[in-house]
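Remarks on the overall topology
What follows is the residue order along each chain.
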Amino acid sequence: MIATAANAYQQTQVMTASRVQLIVLLYDSAIQSMELAREAILTNHYKDKARFLDRSIAIVGELSSVLDFERGGEIAVSLHRLYDYMVQQCIQANLRHNGKHLDGPIRCLTTLREGWHVVARQEAVAHVGS
């Protein structure tokens, strides 16, 4: 019952989120998936490792696929390189069964998430003020 309520809340959160808030949610999910994959590696749960690394790669791939290189310029190019690095580290974590490969991507995602979260808060304040 609690899981059903949590899923309903999560669906409502996604359906009512702005584009910036959706990016924050994607970062949250990628960070959580990488942390769970790292835990699965430490505890030798191979199915969970594969599931969470797959989810991490899919989320980072989605973030990369929506980059607007025309409007984003060098920032978009830099983010693309960073996302590529993250995917490569997920692959290495899987191949080498070593969660340390996820430390860098988790740090990067956390830093990026903090920046987008600030933008989301500013957007919310601007929306309330208008």
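So, here is what we can say about the structure in this document.

About the cut-offs
- Residues numbered from 1 in each chain as written.
- Predicted model: local features only at pLDDT ≥ 70, side-chain atom pairs only at ≥ 80, totals over all residues.
- Heavy atoms only, no water.
- Helix = DSSP H or I, 4+ residues; strand = E, 2+ residues; numbered from the N terminus.
- Buried < 20%, exposed > 50% of the residue type's maximum accessible area, 1.4 Å probe, protein only.
- Expected span 1.5 Å × (residues − 1).
- Bend = angle between axes of the 7 residues up to and from the residue.

**With respect to the environment of A50**
Positionally, A50 belongs in helix α3 (residues 46-65). Taking the relative accessible area as the measure of exposure, A50 reaches 33% and is therefore partly exposed. Considering only alpha carbons, one finds A50 and N94, 44 residues apart in sequence, at a separation of 7.3 Å.

**Describing the environment of D54**
Looking at the secondary structure, you find D54 in helix α3. Residue D54 is classed as exposed on the basis of its relative accessible area of 52%. Counting along the chain gives 36 residues from D54 to C90, while the straight-line C-alpha distance between them is 8.5 Å.

**Description of helix α4 (residues 69-96)**
Every α-helix carries 3.6 residues per turn, so stepping three or four residues along brings you back to the same face. A rise of 1.5 Å per residue sets the reference length of α4, with its 28 residues, at 40 Å; its end C-alpha atoms lie only 33 Å apart and thus fall more than 12% short of the reference. Its axis deflected by about 70° at I75, α4 carries its strongest bend there. The set of residues buried in α4 consists of A76, L79, Y83, M86, V87, Q89, C90 and A93. In the segment just after α4, H97 is the residue with positive phi, at about 50°.

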